[in-house]
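# Secondary and tertiary structure notes
If you want the building blocks of each chain, they are given just below.
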Amino acid sequence: FGLMRYEAQGAESLVEVLTYEAFRLFRDRLVNIESRQAMDQLIYNQLRNNLKYGQTIGNIFFLSKVSNVNPIFPGTKTLGRIEKTDLEATLKATIKSYEREYKDLNVILVDELLEKFAQLEKALSQNAGHVLLAGRSGTGRRTS
């Protein structure tokens, strides 16, 4: 069911979707950078050897807000492809709009923040989607 949410047209797009979903299922659960890099090498080696696909997908995200295709299943949202530069520009514009209305956020958009945003958006766009956010002790909200 997870792969049916993606907007994929053509063989190359399907490989991108499969790679992206493999990263979300396996790589996102790894806790340190060395393990993630080893997973990257494993996946990219398999893509090169078995599917003759030599590109990396580090600058590609799939979000429900950019899809123009009607969902296959009622009540679900289709995930469309967006480049990292486009996602960064969209988030900067959204943050700027929020700051004009409410208050200054002082947010710097680094790669890790973009990845976390895409992960959260994917989880929350599912039917009855939810997430549990937990951080280190002493970080986060200080007042109630």
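Given the structure is predicted, the values throughout are model-derived calculations rather than measurements.

## Examining unusual backbone geometry
- A positive phi angle, near 55°, is found at asparagine 106, a position not held by glycine.
- Among the structural elements, asparagine 106 can be located in the loop between helix 3 (84-101) and helix 4 (111-124).

## Quick word on helix 4
- Relative to the 20 Å expected for 14 residues at 1.5 Å per residue, helix 4 spans 20 Å between its end C-alpha atoms, a close match to the ideal helical length.
- For helix 4, the complete set of buried residues consists of Leu114, Ala118, Gln119, Glu121, Lys122 and Ala123.

## Things to note about the pairing of strand 1 (residues 60-63)
- Side chains of strand 1 alternate between two faces, with Ile60 and Phe62 and Phe61 and Leu63 buried alike.
- Where strand 1 meets strand 2 (residues 80-83), 4 bridges bridge the pair, whose relative direction is antiparallel. Directly across from leucine 63, in strand 2, lies its bridge partner glycine 80.

## Here's the deal with the nonpolar core
- With 24 residues, the main nonpolar core has Tyr20, Ile57, Phe61, Phe62 and Leu87 as its most contacted residues.
- Only helix 1 (11-25), helix 2 (33-51), strand 1, helix 3 and helix 4 provide two or more residues apiece to this core.
- Broken down by element, this core gets its largest block of residues, 5 residues, from helix 1.
- Apart from the residues lying within four places of it in its own chain, the contact partners of leucine 87 are Phe61, Leu63, Ile82, Leu114 and Phe117.

Rules used throughout
Each chain carries its own residue numbering, running from 1 in the direction its sequence is written. Thresholds applied to this predicted model are a pLDDT of at least 70 for local features of residues and 80 or more for the giving and counting of side-chain atom pairs; totals over whole chains, interfaces and linings are not thresholded and use all residues. With hydrogens and water stripped out, all remaining heavy atoms of the structure feed into the side-chain values. A run of H or I in DSSP becomes a helix once it reaches four residues, and a run of E becomes a strand once it reaches two; helices and strands are each numbered from the N terminus. To estimate how far a helix should reach, multiply one less than its number of residues by 1.5 Å. Burial here depends on accessible area, computed with a 1.4 Å probe over protein chains only, as a share of the maximum for the residue type. Under 20% is buried, over 50% is exposed, and the range in between is partly exposed. Strand pairing is assigned whenever DSSP detects at least two bridges linking the two strands. Side-chain atoms within 4.5 Å are what join buried Ala, Val, Leu, Ile, Met, Phe, Trp, Tyr and Cys residues into a set we call a nonpolar core. Residues are treated as being in contact if the distance between any of their heavy atoms lies within 4.5 Å.

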